[in-house]
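Here is what each chain is made of, one letter per residue.
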Amino acid sequence: MQDHWLRLYTSEKQKHAGKPLYEWLLETARKQGIAGGTVFRATAGFGRHGFTEETFFELAGELPMLVEFIASAEQVEALLALCTQQNLRLFYTRIPITHGITGS
């Protein structure tokens, strides 16, 4: 069974079920048995909604967020299916990977 690297792209201001979307994604993935997840906040980015950049005067909530997981293909499919059922519109990448731990 091959694991996958799932990356979901959102923004600070996106919310779902009364909380930031990235928090909902982490909690949901944990409940589905995914072993771990990470959220990264970008300092700048561009995409379908234009260009955003962190500056001193910028209002909070506009920057891109990256939520990523390493999980089995079945877990990734289940999480993406749930996102679709919840009517979430998220851009994602999914890449088959090989991983391990170095050292003793």
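It should be noted that the structure appears before, not after, this text.
As a starting point, this report considers the structure included with it. (Residues numbered from 1 in each chain as written. Predicted model: local features only at pLDDT ≥ 70, side-chain atom pairs only at ≥ 80, totals over all residues. Heavy atoms only, no water.)

Looking at the overall build of the protein
Move 1: Along its length, the protein carries two helices and eight strands.
Move 2: Counting from the amino terminus, the protein carries its helices and strands in the arrangement β-β-β-α-β-β-β-β-α-β.
Move 3: Within the span of the protein, comprising 104 residues, buried residues form 32% of the whole.
Move 4: Here the analysis covers contacts within the protein between residues at least 6 apart in sequence; of these, 76% occur between residues at least 24 apart. (Helix = DSSP H or I, 4+ residues; strand = E, 2+ residues; numbered from the N terminus. Buried < 20%, exposed > 50% of the residue type's maximum accessible area, 1.4 Å probe, protein only. Contact = heavy atoms within 4.5 Å.)

Re the sheet that holds strand 1 (residues 3–11)
The strands making up a sheet are joined through hydrogen bonds of the backbone, oriented either antiparallel or parallel.
Move 1: With antiparallel pairing, four strands are arranged side by side in an open sheet as 4-7-1-8. One side of each edge strand has no neighbouring strand; the edge strands of this open sheet are strand 4 (37–41) and strand 8 (91–97). Pairs of neighbouring strands in the sheet enclose a mean axial angle of 20°, with direction left out of account.
Move 2: Of the strands in this sheet, strand 1, strand 4 and strand 7 (64–72) are in contact with helix 1 (residues 21–31), which crosses strand 7 at around 10°. (Pairing = 2+ DSSP bridges. Axes fitted to C-alpha atoms, helices over the stretch in contact; angles between N-to-C directions.)

A word on helix 1
Move 1: Every buried residue of helix 1 is accounted for by L21, W24, L25, T28 and A29. Projected onto a plane normal to the axis of helix 1, the buried residues spread over an arc of 125° and lie on a single side. Of the residues in helix 1, the exposed ones pointing more than 90 degrees away from the buried face are R30 and K31.
Move 2: The inward-facing, buried residues of helix 1 abut strand 1, strand 2 (15–16), strand 3 (19–20), strand 7 and helix 2 (73–85).
Move 3: One or two positions beyond helix 1, positive phi appears at G33, with a value near 95°. (Arc of directions from axis to C-beta.)

Side note on the packing of helix 1 against helix 2
Move 1: Where helix 1 contacts helix 2, the two axes come as close as 11 Å, and the packing angle between them is 130°. Relative to helix 2, the element helix 1 is oriented oblique. As helix 1 runs across helix 2, the sense of the crossing is right-handed. Contacts between helix 1 and helix 2 pair W24, L25, T28 and A29 from the former with L79, L82 and C83 from the latter.
Move 2: Classifying every residue of the contact of helix 1 with helix 2 by side-chain character gives six nonpolar, one polar and no charged. (Parallel < 35°, antiparallel > 145°, perpendicular 65-115°, else oblique. Left-handed = near helix turned anticlockwise from the far one by under 90°. Nonpolar A, V, L, I, M, F, W, Y, C, P; charged D, E, K, R; others polar.)

Looking at the packing of aromatic side chains
Move 1: Per the stated rule, a full pass over the model turns up one aromatic pair.
Move 2: Consider the rings of Y9 and F91, whose centres lie 5.6 Å apart with planes at 50°: the pair is tilted. Of this pair, Y9 sits in strand 1 while F91 sits in strand 8, and the two are 82 residues apart along the sequence.
Move 3: Its relative accessible area of 32% is what places Y9 among the partly exposed residues.
Move 4: In this structure F91 comes out as exposed when scored by relative accessible area, which is 54%. (Phe/Tyr/Trp six-rings, centres within 6.5 Å; stacked < 30°, edge-to-face > 60°.)

Points about the environment of V39
Move 1: In this fold, V39 is placed in strand 4.
Move 2: It is 7.1 Å that separates the C-alpha atoms of V39 and Y22, two residues lying 17 residues apart in sequence.
Move 3: Filtering out sequence-adjacent residues up to four positions away, V39 remains in contact with Y22, L26, M65, L66 and V67.

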